[in-house]
Number of protein chains: 2
Amino acid sequence: MSARGDSASDAEDDQRTRYADGSVRLRNPNIELMDQDILYHLALGSGSHDLVAMFGDVKFVCMGGTPKRVEQFAHFIMDEIGHKLPTGTTLLDISQFSYRYSMYKVGPVLSVSHGMGMPSVGILLHEVIKLMYHARVKDPVFFRIGTSGGIGLEGGTVVISEDAVDGVLQPYLDLPVLGKMVRRPAQLDKRLVRELKALADPNDPYDIVTGRTMCTSDFYEGQGRMDGAFCDFSEAQKMDFLNKVHKCGVVNIEMESLSFAALTHHAGIRSAVICVTIVDRLHGDQIMAPKEVLDEWQCRPQALVSRYIKRYLTMKGRLTMAGPGGSVCVKSPRRFKLVQQESENYD
Amino acid sequence: MSARGDSASDAEDDQRTRYADGSVRLRNPNIELMDQDILYHLALGSGSHDLVAMFGDVKFVCMGGTPKRVEQFAHFIMDEIGHKLPTGTTLLDISQFSYRYSMYKVGPVLSVSHGMGMPSVGILLHEVIKLMYHARVKDPVFFRIGTSGGIGLEGGTVVISEDAVDGVLQPYLDLPVLGKMVRRPAQLDKRLVRELKALADPNDPYDIVTGRTMCTSDFYEGQGRMDGAFCDFSEAQKMDFLNKVHKCGVVNIEMESLSFAALTHHAGIRSAVICVTIVDRLHGDQIMAPKEVLDEWQCRPQALVSRYIKRYLTMKGRLTMAGPGGSVCVKSPRRFKLVQQESENYD
């Protein structure tokens, strides 16, 4: 977990981000001294809610851009892991009264929307990391499941990010704090990348690749698009740029991975970014695919994360295979059933 | 409209951003050469929609952070200007199928959500500015109606931003474009600030002030809050920072004004940022005010913008005074009635 990368500092960082039992520790001594902590943008609070009872069994936090996508993922993962709701109940948007983010809980899985751009995902991460602390969650794993522009990849390709760089290819999140720049490495968990890659199925009718992800603070000029309200460069200059970053290993471009990687890494939380490409930027700027195609593409990274979650729960003896079944999103070859064990962590 | 500030370059910029009839011209020669322009994050397109017919009569674009707030503003302004919907119809979220932003149209007023942070408002601005171009809107005025942390101001104070600065007090938006930094001045329209200030009513039970707004890319560490997931500074260091920026004229802090000011200024669009303060950062970090109080506070900048819109429409003979009436948000002393004149611009 260390920028130095040596085992002594790794151990130091581990102590800063974990208690002895593996539960999340905050790199902020102030929170435990507060009477209550209001998670304003989640419409939750440590004084108003029993966060241990509500969220203590969370293991996976899956984030996506839009409320719609994370609601759909919640239903999908519920079907995939065979999670049953009590009769007469339905999923509820836990953060509905924040009007900022949407959050659904399906057993050990939280599905949360992060909006667009690094500031939006950054606010969410601060509050979800604090939520993990308040709920005494042990070793959670965070996923960002998103969309991106591909470079040299056919639309519908799934990209697992090896690392994240900014618009000038720097692998850091630079943030002004009290008027001075603070630099945090945007590192993703390498083992998690390998584990996810290993879950690619040869029968998948699309590619699952790994590579570098560029994260920008603008969708138009910042990603070299010529179709924004402003454009001061030529097609040749744009192609030079895209080819140059491609040669540096960049295979896709989106707007959240740098902050997501930097903040989860700083918190000592294993995390991965899995995005589907919705356009090949070497062939165009506009997103022309029909809605139905885009919808199907967006299921692909969800399916990969679902495989990871099911594999984990199966290994922990928390999932039993059931008869064949389908799902609202991607057909799964086998259906699982979550063995209910309330009020207990999955580690 | 020029960074140089001389009248020759002002005239140059005017020609770049306006056609002879005052309609919005894009600083991007590519758009008019495209067969169609898909405004992806608005779920609109120049090929799929008759944007002139739908939006040609827009004069004011009012943006706020959340879908809820802009829906509420749409109903409020409808009541304020006496806009009548045809019997059996209701307001519709025009961009509902983008799942990104919400957009409502009430006669000459668009009410649009921009999410949180500069990248999110930036994407929206690119697409709304293009929408103004496609719809041939003349001299639109953009407002951001938001919330902010105040510095030395009681909660519930309305701040009209004189200018916007970033987290290190620079009045620019720095954006990497094709790997190189592009710097754009974050200027707001000074006349609009004066006009809005003049609409403060001595009977308003709260202050309406003008001042400098700091715009950050993070809500916690980036705004000197000690209650995020991470904190490496002391209370004394935080207070030094807040007092220092206060001495430089900063009266509130939020997360969108810099991009909003820079992009509207670059597009030659008159714009203003009006935020209510929801906490005095000199006295704390957490937002503790009850929901009902926060809801009432958020109506205050809406009421000011409504006064501006009503004054404009009255001057143009587009509004007639009607009998006394109320509104869903803030009681207005007089009620107006919009004189319907479809398919015609308000200038």
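S.K.: An account of the packing of aromatic side chains is needed here, citing residue identities and associated values.
M.R.: Inspection of the entire model under this criterion finds 14 aromatic pairs over all chains. Measuring from ring centre to ring centre gives 6.2 Å for B:Phe60 and B:Phe143, while their planes differ by 20°; the resulting arrangement is stacked. Taken as a pair, B:Phe60 in strand β3 (residues 60–64) and B:Phe143 in strand β6 (residues 141–150) lie far apart in primary sequence, 83 residues in all. Judged by relative accessible area, which is 0%, B:Phe143 ranks as buried. Judged by relative accessible area, which is 0%, B:Phe60 ranks as buried. Lying over the aromatic face of A:Phe219, A:Arg225 brings its terminal NZ or CZ to 3.8 Å of the ring centre.

S.K.: Residues and numbers for unusual backbone geometry, please.
M.R.: Residue and element names in this part refer to chain B. One non-glycine residue, Arg136, lies in the positive phi region at around 55°. As for its placement among the helices and strands, Arg136 is situated in the loop between α4 (118–134) and β6. Non-glycine residue Leu178 carries a positive phi angle of around 50°. Mapped onto the secondary structure, Leu178 falls in the loop between β8 (172–177) and β9 (180–185).

S.K.: Now, about the relation of the copies chain A and chain B: what can you tell me, with residues and values included?
M.R.: When chain A is fitted to chain B, the residual RMSD is 0.0 Å, and the transformation amounts to a turn of 180° plus an axial shift of 0.0 Å. A rotation of that kind, with that shift, is consistent with a two-fold axis. Take the interface residues of chain A: 98% of them recur as interface residues in chain B, which is what a same-surface contact looks like.

S.K.: Break down the interface of chain A and chain B for me, with residues and values.
M.R.: If you look at the interface, chain A gives 66 residues, while chain B gives 66 residues. For the chain A and chain B pair, buried surface summed over both sides reaches about 6000 Å², with 64% attributable to carbon and sulfur atoms. When residues of chain A are sorted by the area they lose upon contact with chain B, A:Met116, A:Leu178 and A:Phe230 head the list and together hold 14% of the total. Viewed at the interface, chain B and chain A are joined by 22 residue pairs in polar contact (both at pLDDT 80 or more). The set of elements that each furnish at least two residues to the side of chain A that touches chain B consists of α3 (67–80), α4 (118–134), β8 (172–177), α6 (235–247) and α7 (257–266) of chain A. Per-class residue counts for the side of chain A that touches chain B are 34 nonpolar, 19 polar and 13 charged.

S.K.: Please provide a residue-by-residue account of helix α8 (residues 291–315) of chain A, values included.
M.R.: With 25 residues, α8(A) should cover 36 Å at 1.5 Å per step; its first-to-last C-alpha distance of 37 Å lies within 8% of that length. Within two residues after α8(A), A:Gly317 carries a phi angle of roughly 70°, on the positive side.

S.K.: Give me the lowdown on the nonpolar core, citing residues and values where you can.
M.R.: When a protein is soluble and globular, its nonpolar side chains tend to lie buried together. A:Phe143, B:Leu131, B:Met132 and B:Phe142 are the most contacted members of the largest nonpolar core, which totals 91 residues. With sequence-adjacent residues up to four places away left out, B:Phe142 is seen in contact with B:Val61, B:Met63, B:Leu125, B:Val128, B:Ile129, B:Met132, B:Phe260, B:Thr264, B:Ile269, B:Arg270, B:Ser271 and B:Ala272. A:Val112, A:Leu125, A:Cys215 and B:Phe230 belong to the second largest nonpolar core, which has 55 residues in total.

S.K.: Hey, could you go over the packing of α4(B) against helix α7 (residues 257–266) of chain B for me, with residue numbers and the actual values?
M.R.: All names here are of chain B. Contact geometry of α4 with α7 gives a least axis separation of 8 Å together with a crossing angle of 25°. Classified by the angle their axes make, α4 and α7 are roughly parallel. Judged by the sense of rotation from one axis to the other, the crossing of α4 with α7 is right-handed. Packed against α4, whose contacting residues are Met118, Val121, Gly122, Leu125, His126 and Ile129, the element α7 presents Leu258, Ser259, Phe260, Leu263 and Thr264 at the interface. The residue makeup of the contact of α4 with α7, split by class, is 7 nonpolar, 4 polar and no charged.

S.K.: Let's hear about the environment of B:Asn243: which residues, and what values?
M.R.: All names here are of chain B. With respect to the helices and strands, Asn243 occurs in helix α6 (residues 235–247). Its relative accessible area of 33% is what places Asn243 among the partly exposed residues. C-alpha of Asn243 to C-alpha of Gly152: the two residues are 91 residues apart in sequence and 9.2 Å apart in space.

S.K.: Now, about the pattern of salt bridges: what can you tell me, with residues and values included?
M.R.: Side chains bearing opposite charge may pair, as long as their charged atoms lie close to each other. Summed over all chains, the structure comprises 37 salt bridges over all chains. The shortest N-O distance in the salt bridge between A:Asp174 and A:Arg183 comes to 2.9 Å. As a salt-bridge pair, A:Arg270 and A:Glu195 come within 3.1 Å of each other at their nearest N and O atoms. Of the two residues, A:Arg270 sits in strand β12 (residues 270–280) while A:Glu195 sits in helix α5 (residues 190–198), which places them 75 residues apart along the sequence. Residue classification places A:Arg270 among the partly exposed positions, given a relative accessible area of 21%. On the basis of relative accessibility, which here comes to 16%, the residue A:Glu195 falls in the buried class. Salt bridges sharing partners connect three or more residues here, namely B:Asp189, B:Arg191, B:Glu195, B:Arg270 and B:Arg311.

S.K.: Run through the state of the cysteines, naming residues and quoting values.
M.R.: This structure, assessed with the given rule, holds 0 disulfides over all chains. A:Cys215 provides the cysteine sulfur closest to A:Cys248, a residue in no disulfide bond, and the two sulfurs are 17 Å apart. The structure places no disulfide on B:Cys275, whose sulfur is separated from the nearest cysteine sulfur, that of B:Cys215, by 9.7 Å.

S.K.: Describe in detail the environment of A:Thr89, supporting the description with residues and values.
M.R.: Secondary-structure assignment places A:Thr89 in the loop between α3 and β4 (103–106). A polar contact of 2.6 Å, which involves the side chain of A:Thr89, links it to the backbone oxygen of A:Pro86.

S.K.: Provide a residue-level description of the pairing of β9(B), including the pertinent values.
M.R.: All names here are of chain B. Bridging between β8 and β9 involves 6 bridges; their strand directions are antiparallel. Bridging from a neighbouring strand, Tyr172 pairs with Pro185 of β9. From the end of β8 to the start of β9, which pair antiparallel, there are 2 residues, and Leu178 there has a positive phi angle of about 50°.

Cut-off values and rules
Residues numbered from 1 in each chain as written. Chains lettered and ligands numbered in written order. Predicted model: local features only at pLDDT ≥ 70, side-chain atom pairs only at ≥ 80, totals over all residues. Heavy atoms only, no water. Phe/Tyr/Trp six-rings, centres within 6.5 Å; stacked < 30°, edge-to-face > 60°. Helix = DSSP H or I, 4+ residues; strand = E, 2+ residues; numbered from the N terminus. Buried < 20%, exposed > 50% of the residue type's maximum accessible area, 1.4 Å probe, protein only. Lys NZ or Arg CZ within 6 Å of the ring centre and 35° of its normal. Least-squares fit on C-alpha atoms with pLDDT ≥ 70 in both. Contact = heavy atoms within 4.5 Å. Buried area = accessible area lost by both parts, 1.4 Å probe. Polar contact = N/O pair within 3.5 Å; in protein donor to acceptor, adjacent residues only side chain to side chain. Nonpolar A, V, L, I, M, F, W, Y, C, P; charged D, E, K, R; others polar. Expected span 1.5 Å × (residues − 1). Core = buried A, V, L, I, M, F, W, Y, C linked by side-chain atoms within 4.5 Å. Axes fitted to C-alpha atoms, helices over the stretch in contact; angles between N-to-C directions. Parallel < 35°, antiparallel > 145°, perpendicular 65-115°, else oblique. Left-handed = near helix turned anticlockwise from the far one by under 90°. Salt bridge = Lys/Arg side-chain N within 4 Å of Asp/Glu carboxyl O. Disulfide = S-S within 2.5 Å. Pairing = 2+ DSSP bridges.

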